[in-house]
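Residues per chain, in single letters:
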Amino acid sequence: MKISVLTATYNRKKLLERLYESLVNNTKYDVKIEWLIMDDGSTDDTEQIVKQFQEDTDNENLEIKYYKQENQGKMVAINKLVKYATGEYMIDCDSDDYFSENAFKYMKEKIELSKKEKNIYGLCFLKFNTNGENLGKVFTKTRSTLFDLHFKENDEGERAILFISSIRKQYTHKLENGEKFVTEARMYYEMDSKNDLLCFNLPIMICEYQNEGYTKNILKQFKQYPYGYYEFFKEILEKNLKGILWKKRLYVIKHYILFTYLTNKKLEIKNINDVKNKILCLILYVPGIVKTKKIFG
């Protein structure tokens, strides 16, 4: 069994060592680990530190592959790494994240249990922060989708997804208008439309957000990459939203209006699913634009 770990990195040489050590510690579970690193145009000594990892690694269960591109953003980097991955399974791990002590033991065990399952695209595990706290809710179902978790069960936390590679390779992060970023959820919800995830209340990844990271600068991110977000919320409103929480329905509509303003696009009412959603968009449009102008100018 081989698992490919995909890491896009930019000027994070100090953090990569922690991730490297967590992979080394997990080689004892007799899983082949392929660590693919895409250096997104770093100006620090990322390449040198990775070469050191490669020279120090004499464990047959860990193979490290290094690639470099001009700075194009995380999503382009991940799209490329997906093509290079050779494992039967793959998982994204940001350079500021690392694996828990028993991560690959858990993944190996659950892969064996899931082999007879049909219509799944991966296995979903918990993410913890460095204080040992769960970054989401515990799963109440053994099988679900990320869309349902977020919009029907009000789970806004972080998840670690182990993808079945043959399915993951059929999808890419779709970037709009030359942007460098789009929320991962856009691709995940596309995958949800055809298959499910198996859910396990086991922590396999530890997350530490950085001050310069995407999550810490959400408003700046919205303004810098509005076209991808516009398409993301437009696509959600084209879905059947039966059963989603009321506050989530409002969240989607308000953000759709926000990104029509930031992209200078019009409401596409005719493509919105459900008369109720069409009416809400029309009612909230003017106050939404007024509020957005106050926030973004």
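Our subject is the structure listed above.
Residues numbered from 1 in each chain as written. Predicted model: local features only at pLDDT ≥ 70, side-chain atom pairs only at ≥ 80, totals over all residues. Heavy atoms only, no water.

Asker: Hey, could you go over the layout of surface pockets for me, with residue numbers and the actual values?
Answerer: Of the volumes computed, that of the second largest pocket is approximately 270 Å³. Lining of the second largest pocket is provided by 13 residues; of these, K254, H255, L258, G288 and K291 occupy positions nearest its centre. The element best represented in the lining of the second largest pocket is helix α10 (residues 246-263), accounting for seven residues. Residues that form the lining of the second largest pocket fall into these classes: seven nonpolar, three polar and three charged. (1 Å grid on protein atoms, 1.4 Å probe; cavity = no way out; pocket = protein on both sides within 12 Å on 5 of 7 lines; lining within 4 Å. Points joined across faces, edges and corners; volume = space filled by probe spheres on them. Helix = DSSP H or I, 4+ residues; strand = E, 2+ residues; numbered from the N terminus. Nonpolar A, V, L, I, M, F, W, Y, C, P; charged D, E, K, R; others polar.)

Asker: Describe the environment of I289, naming the residues involved and giving the relevant values.
Answerer: Checked against the element boundaries, I289 lands in helix α11 (residues 275-296). Using a relative accessible area of 11% as the deciding quantity, one classes I289 as buried. Put simply, I289 and C199 are 90 residues apart on the chain and 39 Å apart in space, counted from C-alpha to C-alpha. In contact with I289, other than residues within four places in its own chain, are I257, T260 and Y261. (Buried < 20%, exposed > 50% of the residue type's maximum accessible area, 1.4 Å probe, protein only. Contact = heavy atoms within 4.5 Å.)

Asker: Tell me about the packing of aromatic side chains, residues and numbers included.
Answerer: Counted according to the given criterion, the structure contains 21 aromatic pairs. Consider the rings of F181 and Y225, whose centres lie 5.8 Å apart with planes at 50°: the pair is tilted. Within this pair, whereas F181 is found in the loop between α6 (165-168) and α7 (184-192), its partner Y225 is found in the loop between α8 (218-224) and α9 (226-237), the two being separated by 44 residues in sequence. In this structure F181 comes out as buried when scored by relative accessible area, which is 4%. Here the aromatic rings of F233 and Y251 are separated by 5.8 Å at their centres, their planes lie at 70°, and the arrangement is edge-to-face. (Phe/Tyr/Trp six-rings, centres within 6.5 Å; stacked < 30°, edge-to-face > 60°.)

Asker: Provide a residue-level description of the side chain of R159, including the pertinent values.
Answerer: Locating R159 in the fold gives a position in strand β8 (residues 159-164). Contacts of R159, omitting those with residues within four sequence positions, involve C124, F125, L126, K127, N134, G136, K137, F139 and L146.

Asker: Report on α11, specifying residues and quantitative values.
Answerer: The α-helix winds at 3.6 residues per turn, so residues separated by three or four positions along the chain end up facing the same way. Along its 22 residues, α11 runs 30 Å from first to last C-alpha, staying within 8% of the 32 Å computed at 1.5 Å per residue. A bend of about 45° at Y285 is the largest found in α11, and the proline P287 appears one to four places after it. What α11 keeps buried is the set N277, L280, C281, G288, I289, T292 and F296. Residues of α11 that are buried in the fold lie against α8, α9 and α10. Of the residues flanking the end of α11, it is G297, one or two places downstream, whose phi is positive at about 80°. (Expected span 1.5 Å × (residues − 1). Bend = angle between axes of the 7 residues up to and from the residue.)

Asker: If you had to explain the nonpolar core to someone new, which residues and values would you point to?
Answerer: W35, I91, F99, F104 and M107 are the most contacted members of the largest nonpolar core, which totals 95 residues. Among residues more than four places away in sequence, those in contact with M107 are I3, I91, F99, F125, L162 and I204. (Core = buried A, V, L, I, M, F, W, Y, C linked by side-chain atoms within 4.5 Å.)

Asker: Can you break down the environment of E179 residue by residue, with the values?
Answerer: Mapped onto the elements of the fold, E179 is located in the loop between α6 and α7. Given a relative accessible area of 8%, E179 falls into the buried group. A C-alpha to C-alpha distance of 12 Å links E179 and Y230, two positions 51 residues apart in sequence. Leaving out residues up to four positions away in the same chain, E179 has contacts with Q224, Y225, P226, Y227 and G228. A polar side-chain atom of E179 sits 2.7 Å from the main-chain amide nitrogen of Y227. (Polar contact = N/O pair within 3.5 Å; in protein donor to acceptor, adjacent residues only side chain to side chain.)

Asker: Help me get a handle on the pattern of salt bridges, residues and values and all.
Answerer: Two side chains with opposite charge may pair up if their charged atoms get near one another. For the coordinates displayed, the defined rule picks out 22 salt bridges. Here D45 makes a salt bridge to K13, at a shortest N to O gap of 3.4 Å. Remark: K13 occurs in helix α1 (residues 13-25) and D45 occurs in the loop between β2 (32-40) and α2 (46-56); sequence separation between them is 32 residues. D45 sits in the partly exposed class, given a relative accessible area of 40%. (Salt bridge = Lys/Arg side-chain N within 4 Å of Asp/Glu carboxyl O.)

Read these as layout, nothing more, since geometry by itself doesn't imply function.
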